[in-house]
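Take a look at the letters that make up each chain.
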Amino acid sequence: MSIHHIRVTINGKLYEGDVEARTLLVHWLRDSLRLTGTHIGCDTSSCGACTILVDGKAVKSCTMLAVQADGRELLTVEGLEQNGKLHPLQEGFHVEHALQCGYCTPGMMMAALALLKRNPDPSEQEIREGISGNLCRCTGYVNIVKAIQYAAQKLREPQPEQVPAGSGGGGE
């Protein structure tokens, strides 16, 4: 058994740890870092419940060793929400009722995020192909596709300018 020290940026935060060479990334995320939003579905890369982004690309974390993540940037479902505000994908899954049992949801969202980064205006067919590596046991694909369309639309909308706190509206 060999132990390796790894440094990985996850959701913008640096994590370090010692891992056995054979530790799967999904197990390190869940068991050591307590980032349990990434689910373990099949452990054989068939279902996609464990999908995360590694350097911006969708990866099934049950197919990657933790040592392979050394020096990389990861994004898990926990990193979608920013400053207390849901990501448009999270909002879309809620608004379009794309949550049934919810087991596939984190992996679906991360696969969809990778798709929308490559293609901000995907067709329904492109969405279906983009999430084809992820299985929904409840077969809720119609609403999942609607949720991704919702997010795509929302992400394409111009964002309001952020005004730093204390820099406007008070008069001087």
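Only a predicted model underlies this, so the values are computations on that prediction, with no experimental measurement involved. (Residues numbered from 1 in each chain as written. Predicted model: local features only at pLDDT ≥ 70, side-chain atom pairs only at ≥ 80, totals over all residues. Heavy atoms only, no water.)

S.K.: So what exactly am I meant to see when it comes to the domain arrangement of the protein here?
M.R.: How big an interface is tends to be reported as the loss of accessible area on association of its parts. For the protein, the assigned domains are domain 1 (3–79) and domain 2 (88–156). One C-alpha centre belongs to domain 1, the other to domain 2, and the line joining them spans 21 Å. Every contact between the two is made by 17 residues of domain 1 and, on the other side, 15 residues of domain 2. Between domain 1 and domain 2 the total buried area reaches about 1,200 Å² when both faces are included, carbon and sulfur atoms providing 63% of it. Linking domain 1 to domain 2 there are 6 residue pairs in polar contact (both at pLDDT 80 or more). Looking at the side of domain 1 that touches domain 2, the elements with two or more residues in it are strand E3 (51–54) and strand E4 (57–60). (Domains from an automatic or database assignment. Contact = heavy atoms within 4.5 Å. Buried area = accessible area lost by both parts, 1.4 Å probe. Polar contact = N/O pair within 3.5 Å; in protein donor to acceptor, adjacent residues only side chain to side chain. Helix = DSSP H or I, 4+ residues; strand = E, 2+ residues; numbered from the N terminus.)

S.K.: What is the right way to read empty space enclosed by the protein from this model?
M.R.: If you roll a probe as big as a water molecule over the atoms, it shows you where there is empty space left. Taken as a whole, this structure holds 2 cavities of 30 Å³ or more when the rule is applied. Volume-wise, the largest cavity comes out at about 50 Å³. In this structure, the largest cavity is lined by 13 residues; those nearest its centre are Ala98, Leu99, Gln100, Cys136 and Ile144. For the lining of the largest cavity, the per-class residue count stands at 7 nonpolar, 6 polar and no charged. Volume-wise, the second largest cavity comes out at about 30 Å³. Classifying every residue of the lining of the second largest cavity gives 5 nonpolar, 4 polar and 1 charged. (1 Å grid on protein atoms, 1.4 Å probe; cavity = no way out; pocket = protein on both sides within 12 Å on 5 of 7 lines; lining within 4 Å. Points joined across faces, edges and corners; volume = space filled by probe spheres on them. Nonpolar A, V, L, I, M, F, W, Y, C, P; charged D, E, K, R; others polar.)

S.K.: I would appreciate a short explanation of the layout of surface pockets in the present structure.
M.R.: Considered as a void within the structure, the largest pocket measures approximately 460 Å³ in volume. What lines the largest pocket is a set of 19 residues, among which Lys85, Leu86, His87, Pro88 and Gln159 lie closest to the centre. Secondary-structure elements contributing two or more residues to the lining of the largest pocket are helix H2 (88–95), helix H3 (105–118) and helix H5 (141–156).

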